[in-house]
Amino acid sequence: MDSNKVGYRYWYDYLGFSASLLCAVHCAVFPIIITFSTLGGLAFLADPIIEWGFIGTGLILAVLSLWPSYTRYHHKKRPLILAVSGFILIALSRFEIHELWEAVLTPVGALGIAMAHYYNWKYLKKFRHKH
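Here goes a summary of the coordinates provided. Model, not experiment: these values are computed from the prediction.

1. Observations regarding a nonpolar patch on the surface
Thought 1: Taken together, Val 84, Ile 88, Leu 92, Phe 95 and Ile 97 make up a surface patch of nonpolar side chains, about 490 Å² in accessible area.
Thought 2: By the secondary structure assignment, Ile 88 is in helix H3 (residues 78–93).

2. With respect to the environment of Ser 18
Thought 1: Mapped onto the secondary structure, Ser 18 falls in helix H1 (residues 3–36).
Thought 2: A residue is classified by how much of its surface remains accessible, and Ser 18, at 31% relative accessible area, is partly exposed.
Thought 3: As for Ser 18 and Gly 58, which are separated by 40 residues in sequence, their C-alpha atoms are 9.5 Å apart.

3. Side note on the environment of Val 104
Thought 1: By the secondary structure assignment, Val 104 is in helix H4 (residues 99–130).
Thought 2: Judged by relative accessible area, which is 45%, Val 104 ranks as partly exposed.
Thought 3: With 14 residues separating them along the chain, Val 104 and Ile 90 place their C-alpha atoms 9.6 Å apart.

4. A few points about the side chain of Ser 20
Thought 1: Mapped onto the elements, Ser 20 comes out in helix H1.
Thought 2: Judged by relative accessible area, which is 4%, Ser 20 ranks as buried.
Thought 3: Beyond its immediate sequence surroundings of up to four residues, Ser 20 is in contact with Ala 110, Ile 113, Ala 114 and His 117.

Conventions and cut-offs
- Residues numbered from 1 in each chain as written.
- Predicted model: local features only at pLDDT ≥ 70, side-chain atom pairs only at ≥ 80, totals over all residues.
- Heavy atoms only, no water.
- Patch = residues over 30% accessible without salt bridge, like charges linked within 9 Å, V, L, I, M, F, W, Y side chains within 5 Å.
- Areas by Shrake-Rupley, 256 points an atom, 1.4 Å probe, with all protein chains shown as cover.
- Salt bridge = Lys/Arg side-chain N within 4 Å of Asp/Glu carboxyl O.
- Helix = DSSP H or I, 4+ residues; strand = E, 2+ residues; numbered from the N terminus.
- Buried < 20%, exposed > 50% of the residue type's maximum accessible area, 1.4 Å probe, protein only.
- Contact = heavy atoms within 4.5 Å.

What follows is the structure, encoded as structure tokens:
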């Protein structure tokens, strides 16, 4: 396998990690900022379209990065398990069971997806240096 083909996958993982981390911060901190500050004009960021944009971006980047990296290069299941677990937690957070339900599950799920990209990046890095 050409190790140059692995290089562009770094960008998917970088973008996926960044988007997931931004999502986690958004979900964990944003409600507090809006509640206790004069930044109420930023309430549009709590719009479901923004949230689904984060989720959709994360899903697209995960599909573009994690699955091909697993099947073609490193064959490690950890990134896939973390990503699927993260998306399951985010999906479960959409059910309004308790006030803290979404506030806890969404950031934890997003961090799981970020960690999936981090591990994928580490595995690809090892693969690239082996060849």
